[in-house]
Amino acid sequence: MSNVTSEVKTLKNYIGGEWVEAKSDQTEEVYNPATGEVIARVPISSKEDVDYAVNVAKVAFEDWKEVPVPKRARILFKYQQLLVEHWDELAELITLENGKNLKEAKGEVQRGIENVEFATGAPTLMMGDQLPSIAKGLESGVQRYPIGVIGGITPFNFPMMVPCWMFPMAIATGNSFVMKPSERTPLLANRLAELLEEAGLPKGVFNIVHGAHDVVNGLLDHKKVAAISFVGSQPVAEYVYKRGTENLKRVQALAGAKNHSIVLNDANMDNASTQILNAAFGSAGERCMAASVVAVEESVADEFIEQLKKKTDEIKIGNGLEDDVFLGPVIREQHKERTIGYIEKGEQEGAKLIRDGRQDNTSQENGYFVGPTIFDNVTTEMKIWQDEIFAPVLSIVRVKNLDEAVEVTNESPFANGACIFTRDGGSVRQFRETIDAGMLGVNIGVPAPMAFFPFSGWKNSFYGDLHANGKDGVEFFTRKKVMTTRWV
Ligand code: NAD
């Protein structure tokens, strides 16, 4: 099925500041999803490779934790400059291996850079607290320290942003890091490593081991790995959380989603339809914050659907590197087949297919394209309502009012994001107080928090305690000592 050419390179792992071949000789092909071409081979490394990387990272940690925090931050300032200089190149690489359009890819680079900027605040963020008088002549203070070697495991859908949720703060706070990027989008990770080296990061502080399950299990089981930061699908997040915590590691596991938007009858319909279109079909629906269900008040449902469909029909589908393309491919042929399976399932379940993305054409013959698909009259018994499809498929549920919209939304086992479209303050308050979700939006489609706030899923969208980013991120990558002193 592949048009693999002899020039295709096999990527290397990055360990101890060197590009090294994996000890395992197993590889997997990496595709450009817009063309179906093989663009690289990624090594499927073994537990032996993980062991090597973790041992190197552990040695590097012993020196790195002693480097003064402002000096560590200064390397990240330099890194930020390099990322800005290489912005376009990084974005093109994201589009090449992930498929999202170039504008979205540039936005993703920006999100990554923002995380680096936040991490440069480590000297302030790592500060402890003091109380000079807890009893007569007695004082207490708390100090913050790094925890050791961190394992980072990332998904395919944000090859830059998600790794940047992890390693900049982890290393700024004095830890060393071993990353396993998605085997479907491994190219950008290597570029991030090259730029870190250029920024002056000491060898061994940041490492990459490419691969799949064996690398993940190697990190989860390794005695010298102190904590695991994972982002990916729900079943794998649950597995990683259970196995990691069973091995007594600190684990945060951000998982899958099925995000709901609620459209009330007083909403600005033009804004609601545009925002929901972007949230449902942007990045080909492959966002953990994608809008996948809209609960719309019956009295405005026809008007909302008409506007949404009209705007959706104008979308340009194709290779994300081409001008004006909005919708790129999904990540792999199997994912396209799976999505088509869900569209067939929706029809069998009795939902009304009002826009069929299977019929859309693109100029790219061999890419993995599915056009924007909209179902009306969806109910909570249907698989298309229940499952994360992770593709440009949107389900519309007609509801009587806000009470019913909240009830429907809260039936989902996922609870990442939820949005409301309304101009009524009371409805916004009711939504905020009653909805089960960690990230809320009002009259916006993708309420993804910026780097200085936590990325905060609930229920089956998150396993752990401390979320990624914000103060939670600082807390996750540090541990504390409390000292009580009597000066005599
Ligand atoms: P995935 O779960 O298939 O893969 C994530 C990582 O886990 C990859 O590095 C992969 O190699 C590894 N992995 C996969 N299966 C494994 C297994 N059985 N054992 C051990 N390791 C395994 O996820 P994906 O398809 O790459 O990414 C999409 C998913 O990530 C979606 O569900 C999306 O919602 C979720 N996601 C969530 C967030 C969030 O913040 N909650 C952010 C981005 C993506």
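What counts, and where the lines are drawn
- Residues numbered from 1 in each chain as written.
- Predicted model: local features only at pLDDT ≥ 70, side-chain atom pairs only at ≥ 80, totals over all residues.
- Heavy atoms only, no water.
- UniProt positions renumbered as here; feature names shortened; annotations may be inferred.
- Pairing = 2+ DSSP bridges.
- Helix = DSSP H or I, 4+ residues; strand = E, 2+ residues; numbered from the N terminus.
- Axes fitted to C-alpha atoms, helices over the stretch in contact; angles between N-to-C directions.
- Salt bridge = Lys/Arg side-chain N within 4 Å of Asp/Glu carboxyl O.
- Near = heavy atom within 4 Å.
- Polar contact = N/O pair within 3.5 Å; in protein donor to acceptor, adjacent residues only side chain to side chain.
- Areas by Shrake-Rupley, 256 points an atom, 1.4 Å probe, with all protein chains shown as cover.
- Domains from an automatic or database assignment.
- Core = buried A, V, L, I, M, F, W, Y, C linked by side-chain atoms within 4.5 Å.
- Buried < 20%, exposed > 50% of the residue type's maximum accessible area, 1.4 Å probe, protein only.
- Contact = heavy atoms within 4.5 Å.
- 1 Å grid on protein atoms, 1.4 Å probe; cavity = no way out; pocket = protein on both sides within 12 Å on 5 of 7 lines; lining within 4 Å.
- Buried area = accessible area lost by both parts, 1.4 Å probe.
- Points joined across faces, edges and corners; volume = space filled by probe spheres on them.
- Nonpolar A, V, L, I, M, F, W, Y, C, P; charged D, E, K, R; others polar.
- Patch = residues over 30% accessible without salt bridge, like charges linked within 9 Å, V, L, I, M, F, W, Y side chains within 5 Å.

Looking up the chain in an unreviewed UniProt entry gives the name Malonate-semialdehyde dehydrogenase, with the organism given as Halobacillus dabanensis. In its Pathway (unreviewed entry) section, the UniProt record describing the chain reads: "Polyol metabolism; myo-inositol degradation into acetyl-CoA; acetyl-CoA from myo-inositol: step 7/7." UniProt annotates the chain under Function (unreviewed entry) with the comment "Catalyzes the oxidation of malonate semialdehyde (MSA) and methylmalonate semialdehyde (MMSA) into acetyl-CoA and propanoyl-CoA, respectively. Is involved in a myo-inositol catabolic pathway. Bicarbonate, and not CO2, is the end-product of the enzymatic reaction."

Enquirer: How do you make sense of the sheet that holds strand β6 (residues 138-146) when you look at a structure like this?
Expert: Across a sheet, paired strands are connected by hydrogen bonds in the backbone, their directions being either parallel or antiparallel. Judged by pairing direction, the sheet is antiparallel, and its three strands sit side by side in the order β5-β6-β22 without closing on themselves. Each edge of the open sheet is held by one strand with a lone partner, namely β5 (129-135) and β22 (478-486). Within the sheet, the average angular offset between the axes of one strand and its neighbour, ignoring direction, is 25 degrees. Bridge count for β6 against β22 is nine bridges, and the pairing is antiparallel. Bridging across to β22, serine 140 finds its partner in threonine 484.

Enquirer: Mind showing me how you'd approach the pattern of salt bridges here?
Expert: Side chains that carry opposite charge are capable of pairing whenever their charged atoms lie near each other. As enumerated under the stated definition, the model contains 27 salt bridges in all. Residues aspartate 270 and lysine 311 are paired through a salt bridge, measuring 2.6 Å at the closest nitrogen-oxygen approach. Taken together, the positions of aspartate 270 in helix α10 (residues 269-281) and lysine 311 in helix α11 (residues 298-313) put the pair 41 residues apart, joining distant regions of the chain. Where aspartate 302 meets arginine 398, a salt bridge forms, and the shortest distance between an N and an O atom there is 2.9 Å. Placement of aspartate 302 in helix α11 and of arginine 398 in strand β16 (residues 393-399) is noted, with a sequence separation of 96 residues between them.

Enquirer: Just checking my understanding: could you explain the sheet that holds strand β19 (residues 439-442) for this structure?
Expert: Within the open sheet, the seven strands sit side by side as β14-β15-β16-β13-β12-β18-β19. Their pairing is mixed. The open sheet has two edge strands with one neighbour each: β14 (352-355) and β19. Each strand axis lies, on average, 20 degrees off the axis of its neighbour in the sheet, ignoring direction. Judged from the four bridges that link them, strand β12 (residues 259-263) and strand β18 (residues 417-421) form a sheet pairing that is parallel. Among the inter-strand pairings, serine 261 is bridged to a residue of β18, identified as cysteine 419.

Enquirer: How should the site of the ligand be read in this particular structure?
Expert: For the ligand, the set of nearby residues contains 26 residues, the closest of which are Glu183, Arg184, Ser233, Ala255 and Glu388. Within the backbone of phenylalanine 156, one N or O atom sits 3.1 Å away from an oxygen atom of the ligand. Alanine 255 is positioned such that a nitrogen or oxygen atom in its backbone is 2.7 Å from a nitrogen atom of the ligand. Computed on the free molecule, the ligand has an accessible area of 840 Å², of which 89% lies beneath the protein chains in the complex. Mapped onto the domain boundaries, the shell around the ligand takes at least three residues apiece from domain 1 (13-255 + 451-485) and domain 2 (259-442).

Enquirer: What is the right way to look at the nonpolar core in this model?
Expert: Grouped burial of nonpolar side chains is what soluble globular proteins tend to show. Counting 65 residues, the largest nonpolar core has Tyr79 and Phe206 as the members making the most contacts within it. Summarising the domain contributions, this core has at least three residues from each of domain 1 (13-255 + 451-485) and domain 2 (259-442). In this view, phenylalanine 206 contacts Tyr14, Phe167, Phe177, Met179, Ala193, Leu196 and Leu201; residues no more than four positions away in its chain are not counted. Listed in part, the 62 residues of the second largest apolar core include Phe326, Val330, Ile396 and Ala405.

Enquirer: Whenever I open this one, the UniProt feature "binding site: NAD(+)" (unreviewed entry) in the chain confuses me. Can you help?
Expert: As recorded in UniProt, the sites labelled "binding site: NAD(+)" (unreviewed entry) are Phe156, Lys180, Glu183, Arg184 and Glu388. Over a stretch of 233 residues, the named residues are scattered through the fold, their C-alpha atoms separated by up to 23.5 Å. When the annotated set is filtered for residues lining the largest cavity, what remains is Glu388. As for its placement among the helices and strands, lysine 180 is situated in strand β8 (residues 176-180). Beyond its immediate stretch of four places on either side in the chain, lysine 180 contacts Gly152, Ile153, Thr154, Val209, Gly211, Ala212, Val215, Val216 and Leu219. Here glutamate 183 takes part through its side chain, which lies 3.3 Å from a polar atom of the side chain of lysine 180.

Enquirer: Would you explain the domain arrangement of the chain in this entry?
Expert: Where interface size is given, it is often the accessible area lost as the parts come together that is meant. You can read the domains of the chain as domain 1 (13-255 + 451-485) and domain 2 (259-442). Each of domain 1 and domain 2 was reduced to a C-alpha centroid, and the two centroids are 31 Å apart. Residue-level contacts link 30 residues of domain 1 with 33 residues of domain 2. Carbon and sulfur atoms supply 58% of the area buried between domain 1 and domain 2, which totals about 2,600 Å² over both sides. There are one salt bridge connecting domain 1 and domain 2.

Enquirer: Hey, could you run me through unusual backbone geometry in this one?
Expert: Generally, phi is negative for residues other than glycine and the peptide bonds are trans, each holding for most cases. With a phi close to 65 degrees, leucine 248 is a non-glycine residue in the positive phi region. Residue position: leucine 248 is located in the loop between α9 (234-246) and β11 (250-254). For leucine 248, a relative accessible area of 79% gives the class exposed. Its identity is not glycine, yet asparagine 443 carries a phi of approximately 60 degrees, on the positive side.

Enquirer: Hey, could you run me through empty space enclosed by the protein in this one?
Expert: Empty space among the atoms can be located by rolling a probe the size of a water molecule over them. Under the definition given, this model contains seven cavities of 30 Å³ or more. What the largest cavity holds in volume is close to 90 Å³. In this structure, the largest cavity is lined by 15 residues; those nearest its centre are Gly285, Arg287, Ala290, Ser292 and Phe390. Taken together, the residues of the lining of the largest cavity sort by class into nine nonpolar, three polar and three charged.

Enquirer: When you look at the UniProt feature "domain: Aldehyde dehydrogenase" (unreviewed entry) in the chain in this model, what are you seeing that I'm missing?
Expert: Per the UniProt record, "domain: Aldehyde dehydrogenase" (unreviewed entry) is annotated on residues 19-482. Annotation note: span residues 19-482, helix share 41%, strand share 22%, distance between end C-alpha atoms 41 Å.

Enquirer: I keep staring at a nonpolar patch on the surface and nothing clicks. Help me out?
Expert: A surface patch of nonpolar side chains, amounting to about 300 Å² of accessible area, comprises Met450, Phe452 and Phe453. Relative to the assigned elements, methionine 450 resides in the loop between β19 and β20 (458-459).

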